Structure formats: C-alpha cells, structure tokens
Amino acid sequence: MTKTTDVAKLEQIAKETRRRILQMITAAGSGHPGGSLSAVEILVTLYFDVMRHDPANPKWPERDRFVLSKGHACPVLYTVMAECGYTPIDQLNTLRKMGSMYQGHPDVRYIPSLEASTGSLGQGLSLIIGMGLAARLDKSPSRAFVVLGDGEIQEGQVWESAMFAPFHKLDNIVAIVDYNKIQLDGFVKDILDLEPVVDKWKSFGWNVLNIDGHSIPALQKAFADAEATKGKPTVIIAQTVKGKGVSFMENNPKFHGVAPTAEELEKALKELA
Amino acid sequence: MPVNAKFDLKPGAATREAFGKALVELGHANKDVVVCDADLSKSTYTSYFGKEFPDRFFECGIAEANMVAIGGGLAASGKIPFVSSFSVFLLNKGFEQIRVTSAFPHTNLKLVGTHSGISIGEDGPSQMSIEDISLACSLGGMTVISPADEFSMKALVHAAAAMFGPVFIRAGRAKAAIIYTADQKFEIGKGIELVKGSDVTLIGTGLLVAESIRAAETLESEGISARVIDIHTIKPLDRDIIAKAARETGAIVVSEEHLVDSGLGVRVAQAAAESTPCVMEFIGIQNTYAESGPPEALLKKYGLVAENVAAAARRAITRKKAG
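Residues numbered from 1 in each chain as written. Chains lettered and ligands numbered in written order. Predicted model: local features only at pLDDT ≥ 70, side-chain atom pairs only at ≥ 80, totals over all residues.

Participant: Looking at this model, I keep getting lost on the overall build of chain A. Mind explaining?
Facilitator: Each helix and strand in chain A was counted, giving 10 helices and seven strands. Taking 2.2 N^0.38 as the reference for a compact globule, 273 residues should give roughly 19 Å; the C-alpha atoms of chain A span a radius of gyration of 17 Å, in line with that estimate. Its C-alpha atoms put chain A at 50 × 45 × 35 Å along the principal axes. Per-residue burial for chain A yields a buried fraction of 52% across its 273 residues. Counting only contacts in chain A whose residues sit at least 6 apart along the sequence, the fraction spanning at least 24 positions is 77%. (Helix = DSSP H or I, 4+ residues; strand = E, 2+ residues; numbered from the N terminus. Rg over C-alpha atoms; globule rule 2.2 N^0.38 Å. Buried ≥ 20, exposed ≤ 12 C-beta atoms within 10 Å, placed from the backbone. Contact = placed C-beta atoms within 7 Å.)

So, in structure tokens, the structure goes:
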C-alpha cells in the first residue's frame, strides 16, 4: 500500500470505499450501510495517512492499533483493510456468507490481522486502553485508535473507561466518536440524548476535538493535534452524516441496518461515480 | 495405608493468598505478566504483586467491566494479564466482557475470582459466588480451575500462565486444609486420585476435597472402601478418571461449594452418562442463597461437610446394591 497525505487522493479512496461498502452489503442482503458510510473518511484517513502499520507484517509489535468498537460497521473496516492489502479485495462480496473471512461482525479468528473481535457495544475503548498500557510498559511508540458509535456511548462501560484513561495520563490512545445522530431505533436525541457530549468528555479530562468527520483535512489536523497532546488522551467528536454520500440514505434511520436493493445500489453507485 | 495416615489436613493458607504469592513468583519469572484489580487487591492478595511490580499492576477502581476488557487489550498486545476481583463481581459484572474479549476471540486472559462459595462467612450472600463454576464453564474454550489447597493453587497458577488461552481460577477466602506437598505435580485437565477405593468414589473440588477425604476416613472405619478424586480442573473435565471411577466403583458422590444444579456435579454426571452410567449423589448448595455467619457453621448448615458426603456415599452404595 502507498500512504499519502494528499487530500484529493484520500477523497478518491473514500469514494471507492463507499462504492465497495454498498456493493458488499447489497451482495450480502443484510448489514449496516448507514454507520459504515458515516465512518469512511475517519478510517481512510487513519489507514492511508495517520497510522503506522504494515500490511505485509501485520504483527509488527510497534504497529499502531485500530479497533472498530461499533463492530456492526465492519464493511468500512473490511474494505479499508482490503484496500491496504491485509485481506483479499476480490472476496469482499462474500460478506456474511458461510465460510467467509468477512464475518457479520469483526472476528479475529477469521481475520488474524484484526486487533480485536467486536460486536457487543461498549468495549473498544477499554480494549485500546489495555493496548496503550502495554505499549507504555514496552516503551513502544505504538498508538491505539478506536471508533465508537454515538449510540454506543450510552453504554456505561464507555464511561468507566473514559474515567480511567485521563487518570492514567494515557496519551497514546485516541477515541473517535462517529456522531452520525442516528441509532437503530431512531434519532439519538430522541432515544437517549448525548448532549452536551463535548462537555461530558472534557469534564472527564480528555482533550476534546469537535470536528467535521467528513473533512479529511480536519481529520488530519485533529490526529496531529492528538499526537502532539501529551499527558491526556484525545477524543475526536466527529460530526458525521449517517449514510453519507448517498442522497436517499443520508439521515435516514431506515439504513442503519437494512441492505440496499439492487435498484437502490444502482442509483447509489451513479451518485458515487 | 489407611486414609488418615496420608493426610493430616491441618489448616493451611487460603487459596487466595497462595494465588497472590504465586503471582509474585510469576512476575519475577516473566516480565509479560501483568495484573489488574478492582479495588480489592488487599483481599484478593494481588497487592503482593502490586507492591513488587508497581509498573505492571493496574488498579482499575470499582469498574469490573472496564477492567476485564482492559485485560483483553493487554492480552491482545502480548501480555499475560491476571485480572482479579471477588469471583461474584468478576464473573457477574464482567461476564459479557469475558465472553467478548476473552472466550470468543480466545485471548490469553487469566481471570482469578476469590471469595468463592459460602465459606467467606460474615459478609453474606451478596458477596458469595455460588454460580461462578457454572458461568465460567458456560463459555466456549474456557479453562476452569478450582484448586483445593495452597500447593495446588500455586502450581495451577503457574500452569495457567504457561498455557495459551482464557482461564478462570476459583479461589477461596477461608484457610484451606493442606492436602498436597510442594513437590506434587499438577496437570491442567487431569484429576488426581488421592485415595484408592472400590465401593464408591468421592469426587470433590475446592474445599470439598478435604471434606471428601474426611468422609473417606469415616467410611473406612465402617468397612467401606471409598475412592477420593480431586477434580481441580472442571473444564476441560478429566473424563477418563470419571469413566474409570464409574466403571470400577459403580457409585459416585460429587461435592462442591456451588449451586448443586449447575456446577461440577452435573458435568461429572454428563461424563459418566456418556461412558458408564452409575449411581450418583450430589452435595452442593440447594437452589438457595446462604446467609451471614461463621464459615464452619455455614458449611455445616448448608450441608457441605464430611458427614454429608459420608451420608451421601452410604445412600449411593445402598442404591447400587438395590440395583
């Protein structure tokens, strides 16, 4: 893989990633397109620019780690990992099929280059804290990143870990909240509002960056800020749009967990041409 | 050799304290061993490790779910985390995290639950873990260990660290009668025949191993030859030693400080049913929760002492003879 800081190239990868996500979920006939599309720029910026990693050497001890805590958005992770060369790109459309390495939620038994199996919400931040503590013990430059769903941070465990990381001055971890405003049953603000979410994380002692989660330059700047911030962890509140990139999916709760039809896919791919 | 010549069963250290000491040895032997506790380190004895290796000891506060998953993250980065709390909190509050960050991905996380059973005494039933064997055994790929005394605990903590994969170890608060010597060898998954016998087999785990030996002494004086087996590894279960006992003695009594419907007993019964079905009796806590009180008095009240085991053995033999 070739890493790049070139925004136009990253945007091109993001567009291609969106196309693959929709194709694989349509082929599967089920899955979670909305929350996969909202996290595209976050993962593309991490994997193609920010993170130190080597697909040819996935167990390199000093690699940066990534955990997708909102495991149901695995189509975006699978696509980005495949584009990097970790896994076969031509098998993405086997998503959710028997025997596929692309399981319905991330599973390290099927893809050993994943850092963790996820799918039960609330655990990813704790996991990267463990990875961050291990790196600090080993005096390793390795850093760890987690993407959390917005609905996910309704889980109590997230706040246990949110309390833990600043207390331990864990500055080698970064949490990104994919704040796309929609969860399975509807709009987050109607189900269990997170606001004031920035103040919550600040009061727990985090370096909080509130940005446009679809702006690659804003993400690049935020990740640089996170790396430069010492003595406390960083959380990026990424303001995103559920279903981003496809007009009829954007801000539509229906597409949290429903696959597009063949006609919808065709229409979506035209928009992403 | 008479049963009582082999074991004096004098009170030894609690298995939780033996665990704490073994952790310190492990810490010296392997720099990848790290420990997490949830504000109970003085009671679980992980404080010994914390004092010796402060950099590798993570006090997580009263937040078991976070602690277990931090352990999962440490394991994913190549550490050998021992995550400890009272068993009742570790398994009940951390169960989902154990499942997702340890059992299902099969990570190298070691979980040690102390204060198991009702012998914790005065703290009462909210603190008494009598479902932990069931919960731990219900997880796919989990190894579940329940040592009977300080020597078995020490050896099995080392064995757990030496194997790859998730392990749950059950420890008690009360002093445990000494059964073994320091040179006894233990192998995970292999039960130990402590007393030879041909009329009935007494299978125990944890504190109930000593009670089973005491029961065998009583039975011996009545002319009954009771075999005694320590099942220190509940999962994977030593199916061979159970099949052999069922075949050779035709009657089995299983005793444990756990709810009787969901612990070692039902697993032994399954193993016997799949090899040589035989008459069985079960000693354990009957579909209830205990209360505050002195440990010895509680064990007696809830039917977990040698006389209960001996009575069950007599019942089993009577049933066996009745065919």
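Participant: So what exactly am I meant to see when it comes to the pairing of strand S11 (residues 226–230) of chain B here?
Facilitator: Regular strands have side chains that alternate between both faces of the sheet. All names here are of chain B. Across the five residues of S11, five count as buried, placing the element largely inside the fold. Here S11 shows a buried face lined by Ala 226, Val 228 and Asp 230 and a second buried face lined by Arg 227 and Ile 229. With three bridges joining them, strand S9 (residues 192–195) and S11 adopt antiparallel strand pairing. The residue bridging Val 195 from the neighbouring strand is Val 228, located in S11. Pairing of strand S10 (residues 200–204) with S11, which is carried by five bridges, proceeds in the parallel orientation. Counted as the bridge partner of Val 200 is Ala 226 from S11. (Pairing = 2+ DSSP bridges.)

Participant: Hey, could you run me through the interface of chain A and chain B in this one?
Facilitator: You'll often see interface size given as the accessible area lost when the parts meet. Taken together, the contacts link 21 residues of chain A with 23 residues of chain B. Breaking the side of chain A that touches chain B down by element, the ones donating at least two residues are helix H5 (124–137) and helix H6 (156–167) of chain A. In terms of residue count, the dominant contributor to the side of chain A that touches chain B is H5 of chain A (10 residues). Per-class residue counts for the side of chain A that touches chain B are 11 nonpolar, seven polar and three charged. (Nonpolar A, V, L, I, M, F, W, Y, C, P; charged D, E, K, R; others polar.)

Participant: Explain the nonpolar core here, please?
Facilitator: If you look at soluble globular proteins, the nonpolar side chains tend to sit buried side by side. With 201 residues, the main nonpolar core has Ile 252, Val 253 and Ala 313 of chain B as its most contacted residues. With near-sequence residues (within four places) excluded, Val 253 of chain B lies in contact with Val 200, Leu 202, Ile 203, Glu 281, Ile 283, Val 309, Ala 312, Ala 313 and Ala 316 of chain B. (Core = buried A, V, L, I, M, F, W, Y, C linked by C-beta atoms within 7 Å.)

Participant: Help me understand the sheet that holds strand S7 (residues 234–239) of chain A in this model?
Facilitator: Two orientations exist for strands paired in a sheet by backbone hydrogen bonds: parallel and antiparallel. All names here are of chain A. If you walk across this open sheet you meet the five strands as S1-S2-S3-S7-S6, and the pairing is parallel. Every other strand in the sheet has two partners, leaving strand S1 (65–68) and strand S6 (207–212) as the edge strands with one partner each. Taking each pair of neighbouring strands and ignoring which way they run, the sheet shows an average axis angle of 20°. As defined by bridge partners, S1 adjoins strand S2 (residues 144–149) across four bridges and the pair is classed as parallel. Bridge assignment links Leu 68 to a residue of S2, and that residue is Val 147. (Axes fitted to C-alpha atoms, helices over the stretch in contact; angles between N-to-C directions.)

Participant: I would appreciate a short explanation of the sheet that holds strand S12 (residues 233–235) of chain B in the present structure.
Facilitator: Residues and elements named next belong to chain B. Reading across from one edge, S3-S2-S4-S5-S7-S6-S12 is the order of the seven strands in this open sheet, with mixed pairing throughout. What marks the edges here is a single partner per strand, and that holds for strand S3 (57–59) and S12. Averaged over neighbouring strand pairs, the angle between their axes works out to 20° when direction is ignored. Two strands pair when backbone bridges link them, and strand S2 (residues 33–37) and strand S4 (residues 80–86) are joined in this way by five bridges, in the parallel orientation. Bridge assignment links Asp 37 to a residue of S4, and that residue is Ser 84.

Participant: Any chance you could explain helix H9 (residues 216–228) of chain A here in plain terms?
Facilitator: Structurally, the α-helix is built with 3.6 residues per turn, so residues lying three or four positions apart point the same way. The first and last C-alpha atoms of H9 of chain A sit 18 Å apart over 13 residues, in line with the 18 Å expected at 1.5 Å per residue. Contacts from the buried residues of H9 of chain A go to helix H1 (7–28), helix H3 (40–50), strand S3 (173–179), S6 and S7 of chain A. (Expected span 1.5 Å × (residues − 1).)

Participant: Before we go on, may I ask you to explain unusual backbone geometry in this structure?
Facilitator: Among all residues except glycine, the phi angle is most often negative; among peptide bonds, the trans geometry is most common. A cis geometry characterises the amide bond from Glu 195 of chain A onward to Pro 196 of chain A, with omega recorded as 0°. Tracing the backbone shows Pro 196 of chain A in the loop between helix H7 (188–191) and helix H8 (197–203). The peptide bond linking Lys 235 of chain B to Pro 236 of chain B adopts the cis configuration, its omega dihedral lying at 0°. Tracing the backbone shows Pro 236 of chain B in the loop between S12 and helix H11 (239–249). The backbone of Asp 39 of chain B shows a phi angle near 60°, a positive value even though the residue is not glycine. The residue Asp 39 of chain B is located in the loop between S2 and helix H3 (41–44) in this model. Given 16 C-beta atoms within a 10 Å radius, Asp 39 of chain B is considered partly exposed. Even without a glycine there, the phi angle at His 106 of chain B is positive, about 55°. You can see His 106 of chain B is positioned in the loop between helix H7 (95–103) and strand S5 (110–114).

Participant: Just to check I follow, could you spell out H7 of chain B for this structure?
Facilitator: Taken residue by residue, H7 of chain B has Gln 97, Ile 98, Val 100, Thr 101, Ser 102 and Ala 103 of chain B as its buried positions. Here the buried face of H7 of chain B lies against H5 of chain A together with helix H5 (64–76) and S5 of chain B.

Participant: What exactly am I supposed to notice about the environment of Leu 40 of chain B here?
Facilitator: Residue and element names in this part refer to chain B. Mapped onto the elements, Leu 40 comes out in the loop between S2 and H3. Taking the C-alpha atoms as reference, Leu 40 lies 15 Å from Gly 94; in sequence the two are 54 residues apart. Excluding its chain neighbours within four sequence positions, the residues that come into contact with Leu 40 are Ser 85 and Phe 86.

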